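So the chains spell out like this:
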Amino acid sequence: MNRIIEKPVLSKATTKRLSLYLRCLKNLEKNGVNRVKSSELSKMTQVGSATIRRDFSHFGELGRSGYGYDVNDLIKVFSDILETKEEKRIALIGCGNLGQALLNNNFRRNENLNIVCAFDNDPAKVGTEICGYPVYSIEELSDVLKEKQITVAISTVPSQYAQGAIDQVVTSGITAILNFAPDPLKVPENVHVHYIDLTSELQTLIYFDGQSLA
């Protein structure tokens, strides 16, 4: 297999699918499967075979006609692209119900992703531990992020308070933010924010489910 010399520039949609492919490939590896065809991966991911082959074409000749793709090789390539071998230390901003659910789960299936601390402005939570993780005051954010070498932040702060919290995160030098509030944030060009809008995702799901039943 031809290895990638430089990482290609990928769209957000393609990068998101790579993460999905990688999760499925690791499940195949765990079950002792050594090779997979695009049609088989398509059934697992609900992504069309043509889209899978187009995504894979960004990385050179990954497969062979009639054979398919070597599962271990794909895992190595996609892990390198997504930098999954290096630990990403994460701070959680906001310890409401959603925040606590994230702390409780803490990316158990991804050993490289690790929430190490949380922040909140509720005096009843500050100074305590939630799911085993220390909760700090928002006022301590800058110092704690530097001390714990945080590189990524997840915000579950409600929309009306999100901008203020994110301003402090950005000031602390964090450039990768996952935001669960749907309203757009104002951030510098070098800061990457990915929005998770659960209502929008659910409405989209319901729409396509209705289309399939029509």
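Rules used in this analysis
Residues numbered from 1 in each chain as written. Predicted model: local features only at pLDDT ≥ 70, side-chain atom pairs only at ≥ 80, totals over all residues. Heavy atoms only, no water. UniProt positions renumbered as here; feature names shortened; annotations may be inferred. Patch = residues over 30% accessible without salt bridge, like charges linked within 9 Å, V, L, I, M, F, W, Y side chains within 5 Å. Areas by Shrake-Rupley, 256 points an atom, 1.4 Å probe, with all protein chains shown as cover. Salt bridge = Lys/Arg side-chain N within 4 Å of Asp/Glu carboxyl O. Lys, Arg positive; Asp, Glu negative; His and termini not counted. Charge placed at Lys NZ, Arg CZ, Asp CG, Glu CD. Helix = DSSP H or I, 4+ residues; strand = E, 2+ residues; numbered from the N terminus. Buried < 20%, exposed > 50% of the residue type's maximum accessible area, 1.4 Å probe, protein only. Phe/Tyr/Trp six-rings, centres within 6.5 Å; stacked < 30°, edge-to-face > 60°. Axes fitted to C-alpha atoms, helices over the stretch in contact; angles between N-to-C directions. Parallel < 35°, antiparallel > 145°, perpendicular 65-115°, else oblique. Contact = heavy atoms within 4.5 Å. Nonpolar A, V, L, I, M, F, W, Y, C, P; charged D, E, K, R; others polar.

- The chain is annotated in an unreviewed UniProt entry as Redox-sensing transcriptional repressor Rex from Enterococcus viikkiensis.
- You can read under Sequence similarities (unreviewed entry) in the UniProt record for the chain the words "Belongs to the transcriptional regulatory Rex family."
- The UniProt entry for the chain carries the following text under Subcellular location (unreviewed entry): "Cytoplasm".

### What about a negative patch on the surface?
- A surface patch of negative charge is lined by Glu-139, Glu-140, Asp-143 and Glu-147.
- If you trace the backbone, Asp-143 turns up in helix H6 (residues 141–147).
- Of the residues examined, Asp-143 reaches a relative accessible area of 58% and is grouped as exposed.

### Details of the packing of aromatic side chains
- Inspection of the entire model under this criterion finds six aromatic pairs.
- Both rings, one in Phe-59 and one in Phe-78, keep their centres 5.6 Å apart while their planes meet at 65°; by these two values the pair is edge-to-face. With Phe-59 in the loop between helix H3 (49–56) and strand S2 (63–64) and Phe-78 in helix H4 (residues 71–82), the pair connects residues that are 19 residues apart, well separated along the chain.
- The rings of Tyr-21, Phe-56, Phe-59, Tyr-69 and Phe-78 are connected pair by pair, giving a single aromatic cluster.

### A short note on the pattern of salt bridges
- The full count for this structure, using the stated rule, is one salt bridge.
- A salt bridge links Asp-55 to Arg-17, with the shortest nitrogen-to-oxygen separation between them at 2.7 Å. Residue Asp-55 is found in helix H3, and its partner Arg-17 is found in helix H1 (residues 12–30); the two are separated by 38 residues along the sequence.

### Observations concerning the packing of H1 against H3
- Interaxial distance between H1 and H3 falls to 11 Å at its minimum, and their mutual angle equals 100°. It follows that H1 is roughly perpendicular to H3 by the angle criterion. Judged by residue contacts, Thr-14, Arg-17 and Tyr-21 of H1 engage Thr-51, Ile-52, Asp-55 and Phe-56 from H3.
- Among the residues making up the contact of H1 with H3, the classes are represented as three nonpolar, two polar and two charged.

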